[in-house]
Each structure stands twice: as structure tokens, then as C-alpha cells.
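Here is what each chain is made of, one letter per residue.
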Amino acid sequence: MPSRDDILHAKILVVDDCADNVELMLEILRDAGYTDVTSTMLPDQVCPLHRQHCYDLILLDLQMPELNGFQVMKGLKEIEQGGYLPVLALTAQPSFKIAALEAGARDFISKPFDLLEVHKRIHNMLEVRLLYKELAQYSKQQQELALHDPLTGLPNRRLLEDRIANTLQHAMRKQNKAAVMYLDLDGFKTINDTHGHAYGDEILKQVAQRLVGASRREDTVARVGGDEFVIVMGDLACLGDAQEPAAKLIEVVAAPYLVNGLQLNLSTSIGIGIFPDDADAVDALIAVADSALYCAKRSGKNRCCVAPAAAAPARGMAPTPA
Ligand SMILES: Nc1nc2c(ncn2[C@@H]2O[C@H](COP(=O)(O)OP(=O)(O)OP(=O)(O)O)[C@@H](O)[C@H]2O)c(=O)[nH]1
């Protein structure tokens, strides 16, 4: 629930073509303790100003020459699409009250002003507006949490699958290739067993940062399990375009780690699946990369293998170390 302080610091815009009315409203608001109040006498400035400042409350006179309050609300609705239109209409015309509500205003204040009514309606509207913002922020955070790994902040499997699907669609349109790289740290269990889980967590966070740092901005780096990561790359012309960055990933993971004054070395294995050569669907491509990873582990770790023979008969039987 917004506090009294939050409400008094809300951003308010007063819109009226009459200078005396503007002055009166500014005085009422400042006397009540509102700290962030501005005004305009130019109705055509309301939308650009709201786009720039995102007001919590717009006190809008309905009868203005050139652009009236109803037209202004139309423009504001486009900016606040799906959101909460923070308009409190000001009118001396009783017949405009319902029309204003129908046009999207949340409430109205009649002129001449009844001071008590003005204070109450402004306070109530701001309370709802700020609550609405809190809710929108909370819902955004929840969505983020549902799609990201809490330890590293990387996309989780759910978001990864979405990103792979987009990458494959893009590759299909462009008639080029994409790669899914399945990466699993070597001997990570020993690190946990030797130095503790918290130390292992720190290493995982550093690995995540290194993988992101070594990837292109448009690639996706996701954490899909304990010490498992998946990297998705689009816009590739050939297998070599994936093997080269995979070798770079192996290299960055291998650089020494310093955690709590303790230096440690680590290696990783990577399996690569190529779209459309090895598979043409999200799950299948992940499965192919996972099988290739298994080959990399089995053939000695600290290396990268492409899809095994079963998934890529054209490339022969043996896994291909990078
Ligand atoms: N610190 C930490 N460890 C985790 C987390 N999630 C899973 N693990 C541990 O990560 C380890 C994964 O080990 P494995 O991949 O099975 O084994 P490994 O030692 O890496 O062996 P290879 O992959 O064959 O080289 C296990 O010990 C898990 O308990 C986590 O969030 N934090």
C-alpha cells in the first residue's frame, strides 16, 4: 500500500487554459503538501509531457479552446494502453461529468471547487494509481523470476526454449543455420564436496558471467541445471561458425578462478547440435546437443563434440572433438 509520503511525492500535472484556475489549483496542491506539481495551459502539450514524465495524476480541465479535455484523453489513452489513465477531470458542466468518466477519466471534480472534495478525490486517485504501479512492478518481477535462474540471473529452461524457437524461426526465414551448445562443467561435484556448496555457487556465478562475456549480445546463455548451461547461437553459415565460439567458451571457463583467496581451475565439456542439419525442433535439438555432450564427456572431457552419428548420419560415426 502506498505510504502518505509516496502520495505526497507523486507526479502531478495541472492542465487548464485559464491562468487563475491553474494558480488556484497549484496553491491548493502545494498547501496540502504535494511536492511534485507542474502545470500547462497548452492542451496539445499534455501527451508529450506525459510521455516524458509519466504523471501519477493529471488534473484536466475539460473545456479548453482548440483541443478539449476529451480529445486530450483520447491521446493519453494511446500512451497508457492497457494501463490506468490517471485523469481527474475538472468541469463546471454537470452534463460533462458522466461523459468524462465514459471517456476514460477515473473521477471528476466539479467547479467551483469544494476544497474538502478536491483533497479527498485527489488523495484517493493517487492511492489507486500508486497501488496500480506497485502491482504492475510486482507482476513484472514475478514474470522475471519465472523465467530466470535465481543464482546466476541467466534465462532458465523455460525462457531458453522460447529463445531457441525464435532463433530457429529466424534461421528458417534467413535460410541459415543455428547452434545449440550444451555445456556441463567437469568434476564440479568435487568442488562442492571439497570447498562447500557456497563456494560452488560462487564459481557457478563466475562461470555464468564468463559465458555471457564470451558470447555475442544476440546469443542466449541459459542455466538449465546444477552445472549445466546452454548457449544458443543464430546466423551461422556452417558448423565451423559454432565450433570456433565453442572453443572460446572452453577457454574462458578454463581461466583460473579466485574465490575467498582460493585459486581453482576448472574445465568444461560442450555438445553441439546444429539446426537444421541435426534436428529441426527445439526439444530434438536440445536432445542432440545433450547426446553430443555425453560423447565429449565419454571421450575425455574438456572438449567439444558435435552431434553423434545417430543424430547426424551424414557426418559419420565418430564424435568430432573441436
Ligand atoms: N554449488 C551448487 N552446486 C549445485 C547446484 N545444483 C547442483 N549442484 C551440484 O552440481 C554437481 C553436478 O555434478 P555432476 O555434473 O553430476 O558431476 P560432475 O562432478 O560435474 O561430473 P562430470 O559432469 O561427469 O564431470 C552436483 O554435485 C550437484 O549437487 C547449485 O545450485 N549450486
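The rules behind the values
- Residues numbered from 1 in each chain as written.
- Predicted model: local features only at pLDDT ≥ 70, side-chain atom pairs only at ≥ 80, totals over all residues.
- Heavy atoms only, no water.
- Buried < 20%, exposed > 50% of the residue type's maximum accessible area, 1.4 Å probe, protein only.
- Helix = DSSP H or I, 4+ residues; strand = E, 2+ residues; numbered from the N terminus.
- Pairing = 2+ DSSP bridges.
- Contact = heavy atoms within 4.5 Å.
- Phe/Tyr/Trp six-rings, centres within 6.5 Å; stacked < 30°, edge-to-face > 60°.
- Lys NZ or Arg CZ within 6 Å of the ring centre and 35° of its normal.
- Axes fitted to C-alpha atoms, helices over the stretch in contact; angles between N-to-C directions.
- Patch = residues over 30% accessible without salt bridge, like charges linked within 9 Å, V, L, I, M, F, W, Y side chains within 5 Å.
- Areas by Shrake-Rupley, 256 points an atom, 1.4 Å probe, with all protein chains shown as cover.
- Salt bridge = Lys/Arg side-chain N within 4 Å of Asp/Glu carboxyl O.
- Lys, Arg positive; Asp, Glu negative; His and termini not counted.
- Charge placed at Lys NZ, Arg CZ, Asp CG, Glu CD.
- UniProt positions renumbered as here; feature names shortened; annotations may be inferred.
- Near = heavy atom within 4 Å.
- Polar contact = N/O pair within 3.5 Å; in protein donor to acceptor, adjacent residues only side chain to side chain.
- Nonpolar A, V, L, I, M, F, W, Y, C, P; charged D, E, K, R; others polar.
- Parallel < 35°, antiparallel > 145°, perpendicular 65-115°, else oblique.

A short note on the pairing of strand S8 (residues 228-236)
And step 1. Of all 9 residues in S8, 7 are buried, a share of seventy percent or more.
And step 2. In terms of strand pairing, strand S6 (residues 177-185) meets S8 through 7 bridges, oriented antiparallel. When the sheet's bridge partners are listed, Tyr 182 is paired in S8 with Val 230.
And step 3. Counted along the chain from strand S7 (residues 220-225) to the antiparallel partner S8, the turn is 2 residues long.

Observations concerning the side chain of Asp 61
And step 1. Examined against the element boundaries, Asp 61 turns out to sit in strand S3 (residues 57-61).
And step 2. Asp 61 sits in the buried class, given a relative accessible area of 4%.
And step 3. Filtering out sequence-adjacent residues up to four positions away, Asp 61 remains in contact with Val 15, Asp 16, Asp 17, Gly 69, Leu 90 and Lys 111.

What about the packing of aromatic side chains?
And step 1. Under the definition given, this model contains 2 aromatic pairs.
And step 2. Relative to Phe 96, the ring of Phe 70 has its centre 5.6 Å away and its plane inclined at 85°; by these criteria the two rings are edge-to-face. In this pair, Phe 70 sits in helix H4 (residues 69-79) while Phe 96 sits in helix H5 (residues 94-102), placing the two residues 26 residues apart along the sequence.
And step 3. Accessibility expressed as a relative area gives 23% for Phe 70, which makes it partly exposed.
And step 4. Classification of Phe 96 as partly exposed rests on a relative accessible area of 23%.
And step 5. Ring centres of Tyr 84 and Tyr 132 lie 5.5 Å apart, and the angle between their planes is 40°; this geometry places the pair in the tilted category. Separated by 48 residues along the polypeptide, Tyr 84 in the loop between H4 and strand S4 (87-91) and Tyr 132 in helix H6 (residues 115-147) bring together distant segments of the chain.
And step 6. Under the relative-accessibility criterion, Tyr 132 is labelled partly exposed at 33%.
And step 7. Across the ring face of Phe 108, the terminal group of Arg 121 is positioned such that the distance to the ring centre comes to 5.4 Å.
And step 8. Above the ring of Tyr 257, the side-chain terminus of Arg 210 is found at 3.6 Å from the ring centroid.

Considering the sheet that holds S3
And step 1. With respect to topology, 5 strands assemble into an open sheet ordered S2-S1-S3-S4-S5, the strand pairing being parallel. Edge positions in the sheet fall to strand S2 (36-40) and strand S5 (107-110), since each has one partner strand and no second. Averaged over all neighbouring strand pairs, the angle between strand axes comes to 20°, with direction disregarded.
And step 2. Where S3 and S4 come together, 4 bridges link them in parallel fashion. Of the residues in S4, the one forming a bridge with Leu 59 is Leu 88.
And step 3. Contacting strand S1 (11-15), S2 and S3, helix H3 (residues 46-53) runs over the sheet at an angle of about 175° to S1.
And step 4. Along the sheet, H5 contacts S4 and S5; its crossing angle with S5, the most-contacted strand, is approximately 160°.

Some points on a negative patch on the surface
And step 1. Taken together, the side chains of Asp 20, Glu 23, Glu 27 and Asp 31 define an acidic patch exposed on the protein surface.
And step 2. Relative to the assigned elements, Glu 27 resides in helix H2 (residues 19-31).
And step 3. Exposure remark for Glu 27: the relative accessible area of 48% places this residue in the partly exposed category.

Re the pattern of salt bridges
It is possible for side chains of opposite charge to pair when their charged atoms get near one another.
And step 1. Scanning all chains against the criterion turns up 15 salt bridges.
And step 2. Of the charged contacts in the structure, one is a salt bridge between Asp 56 and Arg 129, with a shortest N-O distance of 3.8 Å. Taken together, the positions of Asp 56 in the loop between H3 and S3 and Arg 129 in helix H6 put the pair 73 residues apart, joining distant regions of the chain. Side by side, Asp 56 and Arg 129 carry an identical accessibility label, which is buried.
And step 3. Between Glu 202 and Lys 205 there is a salt bridge, with the nearest N and O atoms lying 3.6 Å from each other. Here Glu 202 pairs with Lys 205, and both are found in helix H9 (residues 197-214), just 3 residues apart, close to one helical turn.

With respect to the UniProt feature "domain: Response regulatory" (unreviewed entry) in the protein chain
And step 1. Using the residue numbers shown here, the UniProt feature "domain: Response regulatory" (unreviewed entry) corresponds to residues 11-126.
And step 2. The annotated region residues 11-126 carries 46% helix and 21% strand content, and the separation between its end C-alpha atoms amounts to 9 Å.

What to know about the site of the ligand
And step 1. The immediate surroundings of the ligand are formed by 16 residues, with Gly 187, Lys 189, Asn 192, Asp 201 and Lys 301 found nearest.
And step 2. Contacts to the ligand include Gly 187, whose backbone N or O atom sits 2.8 Å from an oxygen atom.
And step 3. Measuring from a nitrogen atom of the ligand, one finds a backbone N or O atom of His 197 at 3.1 Å.
And step 4. For the ligand, whose accessible area on its own is 660 Å², the fraction buried by protein is 66%.
And step 5. Taken together, the elements giving at least two residues each to the shell around the ligand come down to S6, helix H8 (188-195) and H9.
And step 6. Taken together, the residues that form the shell around the ligand break down as 3 nonpolar, 5 polar and 8 charged.

Here's the deal with the packing of H8 against H9
To characterise two packed helices, one gives the angle between the axes of the helices and the distance between these axes.
And step 1. Two elements in contact, H8 and H9, have axes separated by 6 Å at closest approach and are oriented at 135°. The orientation of H8 with respect to H9, classified from their angle, is oblique. Residues Phe 188, Ile 191, Asn 192 and His 195 of H8 touch H9, and the partners they reach there are His 197, Tyr 199, Gly 200, Ile 203 and Leu 204.
And step 2. Its residues assigned to classes, the contact of H8 with H9 comprises 5 nonpolar, 4 polar and no charged.

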